[in-house]
Amino acid sequence: LDWLLDLAHKTNELNTYRGEINVLAQIFNEVWPEQSTFAELAGANRDEIDAANAAYQKHYEEWSQAIDEHTMATFQLSGDQLKAMEDSGELHDYLENLLKKPEGNLQALQAGNSLAAVQIEEIRQLRELAATAAQSEITQQMKAEKQEEAAAAFHNAATKTDILGKGDTNEGEIRIHR
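All figures in this text were calculated on a predicted structure; none of them were measured in a lab.

We now examine the overall build of the protein. Helix and strand counts for the protein come out as five helices and zero strands. Starting at the N terminus, the α and β elements of the protein follow one another as α-α-α-α-α. Evaluated residue by residue, the protein yields a buried proportion of 3% over its 178 residues.

This part takes up a nonpolar patch on the surface. A cluster of nonpolar side chains, Val23, Leu24, Ile27 and Val31, forms an exposed patch at the surface whose accessible area comes to about 350 Å². Secondary-structure assignment places Ile27 in helix H1 (residues 2-31).

Once that is clear, we can look at the pattern of salt bridges. Tallied over the entire structure, the rule returns four salt bridges. Overlapping salt bridges bring together Glu121, Arg124 and Glu128 as one network.

This next bit is on the environment of Leu98. Mapped onto the secondary structure, Leu98 falls in helix H4 (residues 90-100). With 10 residues separating them in the primary sequence, Leu98 and Ala108 have C-alpha atoms 7.6 Å apart. Non-local contacts of Leu98, meaning those with residues more than four positions away in its chain, are made with Gly104, Asn105, Gln107 and Ala108.

Our next topic: the confidence of the model for the protein. Chain-level pLDDT for the protein is 76 on average; 80% of the residues reach the 70-or-more range. Per-element confidence in the protein ranges from a low mean pLDDT of 66 for helix H2 (residues 36-40) to a high of 83 for helix H5 (residues 102-159).

Reading the values: the criteria
- Residues numbered from 1 in each chain as written.
- Predicted model: local features only at pLDDT ≥ 70, side-chain atom pairs only at ≥ 80, totals over all residues.
- Heavy atoms only, no water.
- Helix = DSSP H or I, 4+ residues; strand = E, 2+ residues; numbered from the N terminus.
- Buried < 20%, exposed > 50% of the residue type's maximum accessible area, 1.4 Å probe, protein only.
- Patch = residues over 30% accessible without salt bridge, like charges linked within 9 Å, V, L, I, M, F, W, Y side chains within 5 Å.
- Areas by Shrake-Rupley, 256 points an atom, 1.4 Å probe, with all protein chains shown as cover.
- Salt bridge = Lys/Arg side-chain N within 4 Å of Asp/Glu carboxyl O.
- Contact = heavy atoms within 4.5 Å.
- pLDDT = per-residue confidence, 0-100.

Rendered as structure tokens:
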């Protein structure tokens, strides 16, 4: 009787969990409606998945291109502003006035330290990216080698014959069966 009550209790808990999961899925789909596409792909065939991947890749490339264009525009704007300040002499005058005061020297040192910290962080991120790219390339090469080895092993197993009657190799004497 206890096991039956325990089973009923666990069934009730499972029904509660299922209800909670359904509510969370509804909330998720309402908050991020564009993500419901992934749920629809759960029962999709290979062609539908390939079409969804192509659409996602196109969307990602368009988004990436827009980000690159905006980033480039921002750098051009800030570069143009610095160039204009430098050409007009404003930058030189500003720095000269800044360095005449002790607070200005401190600000200049802090700005220099901040720029150095940014450069160090960018170098660290670049090293991480290079290491990740190298590791990815090595992993892909190893995978390709494993696939080639597996294909060669499959080919060898598929073409192996026992025509000479010596087990699984072709070495040995020929037996004539009469």
